[in-house]
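Tertiary structure, described
Residues per chain are reported as follows:
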Amino acid sequence: MKSKLVLPSISFMILVSCSGNAETNSNNENDTTSTTELIKRDTLTITEETELPVSEVIELSDDTYVIEEMLATIQSESTPGQNLDVVMSEEQNLYLEIGYDKTGKEESWKINLDIMNAFGVDVTLEFTDANHDDFKDELVIWWSESDGNNGLQNGFETSQSGLIIFDVMQRTEILNLIYSSHYSTYSAGQNANTDAPDYHAKMADDSDWFICSYSHDIKMVDGEIHISNYYSQTEGEGECELKKYKEGIYTYNVGDEIYELKK
């Protein structure tokens, strides 16, 4: 499992206006017959999705760029001599490079993720047999990003983690899932004693907070995706997007070209 951020849209999106303190709860309501279950808590509504998003973030690119950092590399398990690298350019763009031992890089695919902090990016790669054709030729890209500013009177924290699956043989994307997202800000309260030598708004009781956070535990097992342990937190005033996928095992439906919850 790779579990560690304000990126591509997901097919499931709930826009919430939060007022005061609110807590979300992942316990199911009584409706067990529908594939989509609704949980209502005052102004907060969460829909449990049973299909995983396929919105595309990878596209073939002819960009000219200079590599700033090699983030991850892997050799193909089904095509001898094929190498796949994820790199970051000097402009802080991510690219998937596909090349071969004898000829070098032959293709570059841009991964359209908005990188806020180049020093907070982490990528790992593995292969899986997502479509169950007995070939491990689907590239699994685990990524995460984090950023923040821990100021005395105000600050913020943001982090996201996601999972992209790219069919290398077909050059198509079959999954783009953000399974964890956290964003919070704080600022000194109206009557805060900011001149105190030990004052820090993050620790003060009267500070103003905004929190919008959710996460799932994710495991990839033999091409299937196991989702469990949903958590969410909201606090303060503002717009908050929460995403939730029903706990269970998701398998790739080759006909419909989508990951869906096993019945």
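Keep in mind the model is a prediction, meaning the values are calculated, not measured.

Criteria and thresholds
- Residues numbered from 1 in each chain as written.
- Predicted model: local features only at pLDDT ≥ 70, side-chain atom pairs only at ≥ 80, totals over all residues.
- Heavy atoms only, no water.
- Core = buried A, V, L, I, M, F, W, Y, C linked by side-chain atoms within 4.5 Å.
- Buried < 20%, exposed > 50% of the residue type's maximum accessible area, 1.4 Å probe, protein only.
- Helix = DSSP H or I, 4+ residues; strand = E, 2+ residues; numbered from the N terminus.
- Contact = heavy atoms within 4.5 Å.
- Pairing = 2+ DSSP bridges.
- Axes fitted to C-alpha atoms, helices over the stretch in contact; angles between N-to-C directions.
- Disulfide = S-S within 2.5 Å.
- Patch = residues over 30% accessible without salt bridge, like charges linked within 9 Å, V, L, I, M, F, W, Y side chains within 5 Å.
- Areas by Shrake-Rupley, 256 points an atom, 1.4 Å probe, with all protein chains shown as cover.
- Salt bridge = Lys/Arg side-chain N within 4 Å of Asp/Glu carboxyl O.
- Lys, Arg positive; Asp, Glu negative; His and termini not counted.
- Charge placed at Lys NZ, Arg CZ, Asp CG, Glu CD.

1. Quick word on the nonpolar core
Soluble globular proteins tend to pack their nonpolar side chains together in the buried interior. Ranked by internal contacts, the top residues of the largest apolar core, which has 33 residues, are L96, I111, V123 and L139. Per-element tally for this core: the top contributor is strand β10 (residues 121–128), with four residues. Setting aside chain neighbours within four positions, we find L96 in contact with L84, D85, V86, E107, S108, W109, I111, L139 and F166. Residues L52, L177, I218 and M220 belong to the second largest nonpolar core, which totals 19 residues.

2. Structural notes on the pairing of strand β6 (residues 67–75)
Strand direction decides the pairing type here: β6 and strand β7 (residues 82–89), joined by seven bridges, are antiparallel. Note that in β7 the partner of I74 across the bridge is L84. The antiparallel pairing of β6 with β7 creates a hairpin that spans six residues between the two strands, and G81 there sits at a positive phi of about 80°.

3. Re the sheet that holds strand β5 (residues 58–60)
If you walk across this open sheet you meet the five strands as β5-β9-β8-β7-β6, and the pairing is antiparallel. Edge positions in the sheet fall to β5 and β6, since each of these pairs with one other strand and no more. Neighbour-to-neighbour, the strand axes of this sheet turn through a mean angle of 30°, independent of strand direction.

4. A word on the state of the cysteines
Counted by the stated rule, this structure contains one disulfide. One disulfide bridge connects C212 with C240, the sulfur atoms lying 2.2 Å from each other. Since a negative S-S torsion denotes a left-handed disulfide, the C212-C240 link at about 85° is right-handed. In this pair, C212 sits in strand β14 (residues 208–221) while C240 sits in strand β16 (residues 238–242), placing the two residues 28 residues apart along the sequence. As far as burial versus exposure is concerned, C212 and C240 are alike and both buried.

5. With respect to a negative patch on the surface
A grouping of E59, D62, D63, E68, E69, E90 and E91 is seen on the molecular surface, where their side chains present a negatively charged patch. When you line up the elements, D62 lands in the loop between β5 and β6. With relative accessibility at 72%, the residue D62 sits in the exposed group.

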